[in-house]
Every structure is written in structure tokens, then in C-alpha cells.
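Secondary and tertiary structure notes
Listed here are the chains, written in short residue letters.
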Amino acid sequence: MGDVMRFFRIFVLSVCAATVFSLPVAGQTPASGSAGPADALSAIRAGFIAPPMDARPMMRWWWFGPAVEKDELAREMQAMKAGGIGGVELQPVYALELNDPAQGFRNYPFLSREFLDRVTFAAQTAHELNMRLSMTLGSGWPYGGAYVPVTDASSRLRIVTVALPEGVTSLPVPSIRNGEALLAAFVAPGTPRSYDADRAERVATVGALRMNVPAAQGTAPRVALFFISSRTGQQVKRAGVGAEGFVLDHFSMEAIQSHIQHVADPLLAACGANAPYSVFSDSLEVYGADWTPKMLDEFRARRGYDLTSRLPELAAGSGEEAADLRYDWGRTLTELIDEHYLTPLNAWARAHHTKFRSQSYGSPAVTLASNALVDLPEGEGSQWHGGFSFTRWATSASHIYGRQVTSSETWTWLHSPSFRATPLDMKAEADTFFLQGINQFVGHGWPYTPAWVPDPGWSFYAAAVFNDHNPWWMVMPDVMRYFTRMSYLLRQGAPANDIAVLLPEEDGQAEFRPGRVSVTDEIRTLLGPDLVPAILDAGYNLDFIDSAAIDTAGIKYPVLVMPPMERLPLAAYRRIQEYERRGGVVIAVKSLPMRAPGVVEGPRDSAAVKRIAQAMTGDKNVKVVASATEAGTAIGAVLKPDVAIAPATPTVGFIHRKLADAEVYFVANTDNRPHAFDATFRAARGGAEWWDPFTGKIAGAGTGATIHFDLAPYESRVLVFRQGAAPAAPPKAEPFAPIDLARDWKVTFDRTHTTQTMPVLESWTDIEAERYYSGTATYERTVEIPEDVAKAGRVLLDFGEGTPIARATLHQPGTRAWYDPPIREAALVYVNGKLAGSMWHPPYRLDVAALMHAGANQLKIVVANTAINELAGRAAPDYRLLNLRYGEKFTPQDMDHLEPVASGILGPVRLIPGQ
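Residues numbered from 1 in each chain as written. Predicted model: local features only at pLDDT ≥ 70, side-chain atom pairs only at ≥ 80, totals over all residues. Heavy atoms only, no water.

A few words now on the pattern of salt bridges. Tallying each qualifying case throughout the model produces 55 salt bridges. A salt bridge links E254 to K294, with the nearest nitrogen and oxygen atoms 2.8 Å apart. In this pair, E254 sits in helix α5 (residues 253–271) while K294 sits in the loop between β14 (284–285) and α6 (295–303), placing the two residues 40 residues apart along the sequence. The partner of R357 in a salt bridge is E378, with the nearest N and O atoms 2.5 Å apart. In this pair, R357 is assigned in strand β15 (residues 355–358) and E378 in strand β17 (residues 376–380), connecting sequence segments 21 residues apart. (Salt bridge = Lys/Arg side-chain N within 4 Å of Asp/Glu carboxyl O. Helix = DSSP H or I, 4+ residues; strand = E, 2+ residues; numbered from the N terminus.)

Have a look at this one:
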């Protein structure tokens, strides 16, 4: 029966893989459509200049309470669209205010008639605005709520150990409550902390109250072991009013069908004819979920033997056989969540003309191949250059299984506290997602705020704020335009990653223990911190792959890297051997795997696995290296780097997309310092073009494979190689003496309508009356432009260099830009009454030549800071009564001891010749 279930799983994944494009081996060109190459590239250029709505970032839209009203819903959605945001993900969460009948404020219970009426309104408004609407199928996360009985709640294997006093003949069975069942009882030599699982003796219980204890053979200590099918008791996190309750059992088909009936169906029905773009499952943070009431039956049917008698070995056994047992348990859990959670939800979504978007990682035990079962894999985490990341996990699955779009939960915990994040922070993190292959952002996020709440409004406890209450909202259209262009461009053609890194998932499952059943947690340790950087620093990009993906989709990469691993299923190993025989290169760290996993398969298949390892050892296409740090050098001996950077600059990354008629490279400096280097591109052909993701303009970058880069901190560029000659590079500007503009600005603080002259540029926080000011200030002055400057060709308004900040360990999982810019934090520049552009990222320079003339010119710069300064001057909100009413659902992030931060133009400001 176990082989039958494995066949079923491979069949399902094969169907998913059968419809995908093949990932290119190095040098392989994806097929073009009916249009010729010139037409195809022209169409992509046009889309880059004016990208479609569906490439715009979406925002997670928190409905606190939920307490939302239609007028404000409409206003906020209109503001989103005007700001360049393309859609929303509805996320009802905890209340931020108590009901107040006198004010007309009310928290509408989740799934109440009033709440669903507002869902209907939001869906209709999104349709009218041509925006995408996505819905979390629940309130908070993970799935669950008030409708979940204890019998459908997330489950765990509860183990009770009791030291047996000498001479005892019986003892009471632990209390078994509703939702629990005693599975088996044992007596074993040892103590509750350390017992011999191999010598455990199963003991019958008398009814459900007492257990007879067999007579002792000697005086050695003994322990009674009770194995109980129990519940984790986990409650839905951050649930809205009326949505509180147990998290459901993700291994139970009955539990998920009940969730669909009680939650998903009403939510979708509320959308009426306006079906959502997608429905969403957040990260699987079901802590300690390692069991389900039908586990013993499912295990027996799938694995072909009984688990009951081996429960002590599962909990505390040692040696290879115990590891094989845990692997069998782990893959059973994986099959159950795949078949009983992901598959039915994806099928339900498709049946209702929407798509299932899922963060399929964390706990419980999903694998990389689990992503084949969902239409829209999603990741999170900005760790592009470290070891394992959820983001690369999701993009790898999309590349393998042919998903064009991979989204990411982006900007969670960005530059804590709330309201501190800046547009530069957004870009610094977003670029690390692009480098991993993400091409759809779901921003974290947009807090709904009632009209009567004073600025800067409400905020989610673990997130930045990207709504129009933010002082720097004025540059949001430009910020979103950058993300939209890059998202669009990174959907074109096919991914061109050279390296597949085989994840040691079987070793990870063999490491499972009761209460610890996360494949991704184990992979983070097993993969280690060195392998991914070694590959990236050698000039390659990579995807993860697992044995199930190899079974179903094969290996479409020129090089397969195998980190240290002990176990590999025989079927996958045979596919790898065939890949190597056909010219694929295999690089193994330390050794090739030598045994098959599983209690049944291990003894049956390990000899064949060992023969394959021995046969491959010494083959010309197989290389074994002593450590992960040597992997990059080994790859370089057989494959030319995709991008060779000199001098070596580990903080600079790239992602490569292959078109039928062009090669697209995104190159980003993720460091807080500038870097200059030469980059040699393996796929270079014809002429090279710079595609500016901020303006959409295209300019020549020369010919040849080696291109010089001079990147400011957190700067990024797009380079496109295409057939034919590249357009000419812009002419160099005529030199002139820089003109200093750092003095004598008239500054008007727009919210307070106060004006003063700044003889020397200074921070607003140095002005006592404006120390706690948040908002915009307008800087104005006249500048005399000599004739030679007016005719120079390119004249740059230069705000100078920022200051790198020493990196520090953050106490929460977010990130930030480690850089103090010369403009705090964003600006719009006007020359002679016309908008010249915005300033929000390095390099802080803007070409203003087209708007200037000889003689007197009027400069106006509107500068915005963050809302932190205003919040620092206020008392923090008091949530005492709210917590007493609803329970403490959140703790505000880092909102105590706020201090105002430097704001405004900090100088210097000059006009300099363009380069």
C-alpha cells in the first residue's frame, strides 16, 4: 500500500510538471511565439515602459476589528490605485478600538452579515477600479476559528512519562479529555528523562483508568510511557472579533472540508460575480502539530507496517532504524497535508474561478514539491545571500513546475517600529527578493484607518505602513513604478539559473521528533550557511530541488549540487545517474549518499543506492569536494560563470532571464557602500542596453561581454543584451564649475504654515518648534545659471552622498537600509514650476538640464519625513481596556521610547556636470 501511495503522489506531481516549460540548460534559448524576435522584444520594451496593472504590487489590507465602513473602503482603494498599487489582500484581524455606539463605531464580527456586506462592497469596488482582490480564507492565521470543535483542532502526539516506584503493581492512566485518545502504554527501563526505547514493553490498560504494571526483573529504575492522540490547543493568531478559536487539523480532510463550508464558501459567496484574483493561506505556523487522530491507520496503509508498537522508538529511539522510522512518519505527515490540505483547497479555488496562493513552508511537514499542488507559490524572507530561504524555496518550485508568477510577503517588520520605514528601506529589501526570482510583491502592508482617527492612523503590530497617511506618500507612485517595471520584466522569458541544489529533505525528515516536524527548519541546519554563498559568489544563480521534483520534472540544469546527505530514494538516485550519463554535472559535498531511507525501503534499496554511488564516483561528470566553500570553484571548472565580477563583490547580486531574442540581467548592490567593478556576461550577444527601471528610458551600454558598473549604495541596474547594434550612449556633458546651493533656502512647513530662512541646511529636529514635526516642508530659492551651464547638455542637481550605518543585529526578523541619506526621507523637485522628478534612493542626483535656462531659475523642493517624529511627541496608545475586553492580541513593535529622527535636506546641494 505504501508503494501505491507513493505512486499516487508522483502521479499528481507529474501531471503538474507535464504542463510546464523546460528550464533552459546553459545556452538554451526558449522558443519564441508567432511574432519575430524584433517584434517580441519591442513588445517587452513597451510593457517595460508602461507595465500592465497585474504587475503592480498588492497590499495586505488589514481590517482591524473588523471595523470598516464603505466610504472609507472606497477612498482607500482609490488612493491605492492612484499610488500605483494594483490590488489588495483582505486580512481581517484583531480590534484596535472598543465599540462606541455614541460615535457609531462598531467591530463587526467575522462572517457576520455586516462584515460580509463590506466584503461584497470591496469586491465590487476592486472590479470597478480594475484592481485585483485576494482574500485570506479566515481571520488571522493559521486557518481555524470559532467553528472548530476540539475534534477538528490541530493535533499532537502527547507523551506522558511516569517514574515507577519500586514494587508498584498498577498506576492511574493520565486524564484523557474530549478530543484525546489513549493510543498505547509501555514500561521501559530508565527514567522519564532517559529511557531505553528498544526494550519498551507494551502493557494493556484496565479500561481507561488504570494500567497494570508488570513485575520488575531486578532493581533498575523503570518508567511508564503513555502515548496519547491529543491537541496542540493552539488558537488562531491575531484573530478578529468572532474569529477566535482553535487552529484546525491540517492533516484532516474532514477539518479542511468543514473550514471550506464554514469560512471559505461564505467569503467567496460574498464576492458574487466578482471572483477574487486569489485566495490565500499564510505561512504554516501550526506549532507542535505532528499527529492526527487517523494517523495509525493512515501510516499502516501507506507504509505497510504498524506504528503503534514502535511509538517508544519514534519518541526516543536511536540508530539508523529509528531514523528510518521517523522518516516514514515524516513523509506520512507530508502526504497527509499535501492530500488533505493543499490539494482540496487548490481544487476548490479552481472550481470557483480563482487561484490558491499559499506560503507552503514552516510547520507542519510540507516539502518543496508541495508547492506543485498550488497555483501561486509564495515566499518571504530577504536572505538572498545566506543559506536557506523561504523565498528561494518558493521561486525554485515555480521555476521547476512552470509557475510564471511567484509572490512574496514583503516588508514584514521592515525598519521597526511602525512608520519608521522609508522608500529606501522598501527598495533595499525588495531588491533582495528580485535577486531570488520574485516577480509579485504583496506588501505588508496597508492598515485600514477610520476617517476620524488622527494621522498617522492605525498600524499593524509587525509591519511598516504604506498608506496615504504616511508623510512620504507623495513619492509612492514612483516607488511603485520601479517595483512594477521590475516585476513585469522578471516575468518575461524563462529563468536562466544554472545550478540546482538538491535539498536533503529525507535527512531532515529522519531528524523529526515529536513536536518538531518542519522540513524547512531541518533544511536550514542541514544545508548550512556556506553552500549558497559559494555558488552565488562564483558567478552563478541557483534553484533548490528535491527528490520528488527530480522524480516528476527531471533535472533541467547543467549542474546539480548535492550538499552533505546520507539518504536518497532509489528512484531519484536513478534519475540523477541517468542525468549524469547524459552529460549533466554532479558536484557532491563530502560524499555521495549511500543509503535509501525508510524502514521497508532502507533494507530493500540501500545496496542498489550504494552501487549507484560507487559507479558515479570517479566519473568525469562527478566531482566530490571536501567542503561547501569549494563548490563554486568546482562549478567553475566545468561551466563558465554566468556573470564574472572583478574585483569580487559578494554584496552585488544578479538574476538572469532568457528571452528568445535577448538576455535580461538585473544587477543590484545590496550594500550600504558604493561599488565599482567590471562584469563579464557569459550570455552577451550583439549590443547592450541600459533599461532604466525608474524612468523606463533605454540607452546604449556599448558592445562586448564586459560592462563597467559604478553602483551607489543600494543602486540597481537592468542590462539587456540583444541582437544588433545597441543605441548610442548619451553624449557627455560639457564641464563646468559646480554651483553651490547649500545656503539661503526659504523653508515653509506645510502643515503648520510657518516659514523661515535657513542660512545653512539643517535637520528639522534641530529647530525646537519643529522637533516633533511630521509632514512635508517646501524649500525654495532662486539660482542664477550661467550661459555655459545652460548649454552643458546634462546638469545634475546633486544632494551629495549619504552615510553608511554600522550593521547591527536586529531583535526582530525584519531588515532595513543601513544608510542615512542626504534627504530625509523623500523629495519632489520642481524647476521653474515644472516637476523634474523625485528623490528617494541613491544616487541622489537628478538631471534638470531640460528645465533650466540661462539667468534666474526657481527651485522648489518638497521634502517629506516619516511619522515617527510626530509619534515621538505623543503619549503611546493605552490598550488596557481593549485587552481586558478581547484579550491581549498584540504587542506594539518598538513603540516605547520613541525619539524624533533627522529630517529634511541635510546637504550639500550642488549643480554639477552630468557623466
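So, about the packing of helix α10 (residues 423–434) against helix α11 (residues 476–489). Taken N-terminus to C-terminus, the directions of α10 and α11 make an angle of 5 degrees; their axes are 11 Å apart at the nearest point. Here α10 is positioned roughly parallel relative to α11, judged by the angle of their axes. For the pair formed by α10 and α11, the contact residues are P423, M426, K427, A430, D431 and F434 on the first element and M476, V479, M480, Y482, F483, M486 and S487 on the second. Partitioning the contact of α10 with α11 into residue classes produces 10 nonpolar, 1 polar and 2 charged. (Axes fitted to C-alpha atoms, helices over the stretch in contact; angles between N-to-C directions. Parallel < 35°, antiparallel > 145°, perpendicular 65-115°, else oblique. Contact = heavy atoms within 4.5 Å. Nonpolar A, V, L, I, M, F, W, Y, C, P; charged D, E, K, R; others polar.)

Scored by pLDDT, the protein has a mean of 94; 96% of the residues are at 70 or more. Confidence drops under pLDDT 50 across residues 1–35; counting only partners more than four residues distant or on other chains, this segment forms 75 contacts. (pLDDT = per-residue confidence, 0-100.)

Attention now moves to helix α17 (residues 601–616). With 16 residues, α17 extends 21 Å from end C-alpha to end C-alpha; this agrees with the ideal 22 Å at 1.5 Å per step. Within α17, the axis deviates most sharply at A607, by approximately 30 degrees. Within the span of α17, buried status applies to E601, G602, D605, S606, A608, V609, I612, A613 and M616. If you follow the buried residues of α17, they end up packed against α8 (320–351), α16 (570–581), β24 (585–589) and β25 (622–625). Positioned one or two residues after α17, G618 has a phi angle of 95 degrees, which is positive. (Expected span 1.5 Å × (residues − 1). Bend = angle between axes of the 7 residues up to and from the residue. Buried < 20%, exposed > 50% of the residue type's maximum accessible area, 1.4 Å probe, protein only.)

Bringing the packing of α5 against α8 into the picture now. Taken N-terminus to C-terminus, the directions of α5 and α8 make an angle of 30 degrees; their axes are 10 Å apart at the nearest point. Looking at the two axes, α5 sits roughly parallel to α8. The interaxial crossing formed by α5 with α8 has right-handed handedness. On α8, the residues that touch M253, I256, Q257, I260, A264, D265 and L268 of α5 are E339, H340, Y341, P344, L345 and W348. In terms of residue class, the contact of α5 with α8 is built from 9 nonpolar, 2 polar and 2 charged. (Left-handed = near helix turned anticlockwise from the far one by under 90°.)

Here we come to the environment of Q723. Inspection of the secondary structure puts Q723 in the loop between β33 (716–722) and β34 (739–740). In this structure, the C-alpha to C-alpha distance between Q723 and D661, residues 62 residues apart in sequence, is 6.9 Å. With residues near it in sequence (within four places) discarded, Q723 still touches D661, R685 and G686.

This part is about the side chain of E409. Within the fold, E409 resides in strand β18 (residues 407–410). A residue is classified by how much of its surface remains accessible, and E409, at 6% relative accessible area, is buried. A polar atom in the side chain of E409 sits 3.3 Å from the side chain of R60. (Polar contact = N/O pair within 3.5 Å; in protein donor to acceptor, adjacent residues only side chain to side chain.)

Now for the side chain of D328. Note that D328 resides in helix α8. A polar side-chain atom of D328 sits 3.1 Å from a polar atom in the side chain of R331. Contacts of D328, omitting those with residues within four sequence positions, involve F299, R303, Y305, G598, V599, V600 and E601.

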